[in-house]
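Descriptive analysis of the structure
Okay, here's what each chain looks like letter by letter:
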Amino acid sequence: MPRVVLAAPASGSGKTTVATGLMAALTARGLRVSPHKVGPDYIDPGYHALATGRPGRNLDAFMSGPERIAPLFLHGAAGADVAVVEGVMGLFDGAAGRGELASTAHVAKLLRAPVVLVVDGSSQSRSVAALVHGFASWDPEVRLGGVILNRVASDRHEAMLREALEEGGGVPVLGALRRTDAVATPSRHLGLVPAVERDAAALEAVRAMGELVAAGVDLDALLALARSAPALPDLPWDPVEEITALDPEHASQPRPVIALAGGAAFSFSYAENAELLTAAGAEVVTFDPLHDEKLPERASALVVGGGFPEIYASELSANQALRDEITALAASGAPIAAECAGLLYLCRSLDGAPMCGVLDAEACMSPRLTLGYREAVALSDSPLAPAGLRLPGHEFHRTRTVPGSGPSPAWGWRPHDGKLTTEGFTSPSLHASYLHLHWTAAPSVALRLVRHARAHAAE
């Protein structure tokens, strides 16, 4: 699989613009492009999906484990002509205090993929050569195959940057992009506004990114670099094989319907989670809590992932018919799994707007950003996880619930101060937490949820 990783010296260099533009430019050439994103971020993959027409997939060595990165990459890239992987933060920035783990460099090495460094040239000229030389020589196992100069001011500025890099030698310049407002994407409290919320504006921004990259990058040279990546010895990840290894008889069981929240308010979801539910024997049906007044027919379980319910609190509250259905589903004992945005939606209220009332808690915006990886252990039995199960996760929110956990918390972990932090709410039929999970780290959670759904449907 031809592949290339786009990295940068630091956040804010323009990785997302260049990566998304490259995906769009290659797609416009008639190539089938597989989009990937290093790290846990949900928003960038939404723009990648617009550019390529394929699901944007995450490659997170902390969330899924390093051993699964190449198999997950091959699974997501099946049938593609070339894969483009957008990095996270700076090239060598990984999980705090864990060395290179989950960094772009780590993932590039796991994929044996060449790296193209996106350099913001707006405030430098000759110094760019020292910068690139440092990144090229820092880790000899990372193959820096080229540079794309971003936010270049003029032809003269470009000539100065190119001349400096030619003097430095070793790393070819694959392109130079001018400053332009046409590719700008709006931001708010958690980063870029998701593509699903912007509709036509997001499509126009992606089109502009593609045109910018097509005009300023040597696509033939970049494709040649991508094709120089060696073959991977790994086999593609297979959700059916994962589930069959846990339960060889699962395919002969009845197929319960699991309702999966989607739409603009709940757009954060890893594709592999739904694939594992399907492999475990569920019929996964997506619905939009902003517009649908009923749950999918025969729904015997509910999954509500991440997103921005705080932006749509009034609209979600106004859909009382659906809120009542969810409240009734919970009262019936049907299994419910909710994370982050889903947790907020199940509270009594969100910033004063009535929500589903499944949880005895209030939710509101907070001035404090909560962000980071967690090594969590399940503290209570739930339809998602048995007590004692250890899973990696990620928190990213600027809201809080009061209380922060129920009598039976979902998770516990010990941060740097060593004190136990508890979080989330569970019951025999409920798991609600701020923690985002990539279920590939423990496919048993998907199987467990489907078994609970099947049992409820049979009642």
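As the structure is a prediction and not an experimental result, all values here were calculated from the model. (Residues numbered from 1 in each chain as written. Predicted model: local features only at pLDDT ≥ 70, side-chain atom pairs only at ≥ 80, totals over all residues. Heavy atoms only, no water.)

**Some details on the pattern of salt bridges**
When charged atoms on two side chains of opposite charge get close, those side chains can pair. Counting across every chain of the model gives 24 salt bridges. Among the ionic pairs, Asp 139 bridges to Lys 109, the shortest N-O distance being 2.8 Å. Here Asp 139 is found in the loop between helix 5 (127-138) and strand 6 (144-152), whereas its partner Lys 109 is found in helix 4 (residues 104-111), with 30 residues between them in sequence. A single network of salt bridges, built from pairs that share partners, joins Glu 100, Lys 109, Asp 139 and Glu 141. (Salt bridge = Lys/Arg side-chain N within 4 Å of Asp/Glu carboxyl O. Helix = DSSP H or I, 4+ residues; strand = E, 2+ residues; numbered from the N terminus.)

**Quick notes on the packing of aromatic side chains**
Counted according to the given criterion, the structure contains 7 aromatic pairs. With a centroid separation of 4.9 Å and 5 degrees between ring planes, the pair formed by Tyr 42 and Phe 268 is classed as stacked. Of this pair, Tyr 42 sits in the loop between strand 2 (33-38) and helix 2 (43-52) while Phe 268 is found in the loop between strand 10 (257-261) and helix 11 (271-279), placing the two residues 226 residues apart along the sequence. With relative accessibility at 7%, the residue Phe 268 sits in the buried group. Centroid distance Phe 92 to Phe 135: 5.9 Å. Interplanar angle 20 degrees. Geometry classified as stacked. With Phe 92 in the loop between strand 4 (82-86) and helix 4 and Phe 135 in helix 5, this residue pair connects regions lying 43 residues apart in the sequence. The partly exposed category is assigned to Phe 92, whose relative accessible area is 24%. Through successive ring pairs, a cluster of aromatic residues spans Tyr 42, Phe 268, Tyr 270 and Phe 308. (Phe/Tyr/Trp six-rings, centres within 6.5 Å; stacked < 30°, edge-to-face > 60°. Buried < 20%, exposed > 50% of the residue type's maximum accessible area, 1.4 Å probe, protein only.)

**Regarding the sheet that holds strand 2**
Read across the sheet, 7 strands follow the order 3-2-4-1-5-6-7 without closing on themselves; strand pairing throughout is parallel. Looking at strand neighbours, the two that pair on one side only are strand 3 (57-59) and strand 7 (173-178), the edges of this open sheet. Geometrically, the sheet is characterised by an average inter-axis angle of 25 degrees between neighbouring strands, direction not taken into account. The sheet contact formed by strand 1 (residues 3-7) and strand 4 spans 4 bridges and is parallel. By the bridge assignment, Leu 6 is partnered in strand 4 with Glu 86. Running over the sheet, helix 4 touches strand 1, strand 2, strand 3, strand 4 and strand 5 (115-120) and is turned about 170 degrees from strand 1. (Pairing = 2+ DSSP bridges. Axes fitted to C-alpha atoms, helices over the stretch in contact; angles between N-to-C directions. Contact = heavy atoms within 4.5 Å.)

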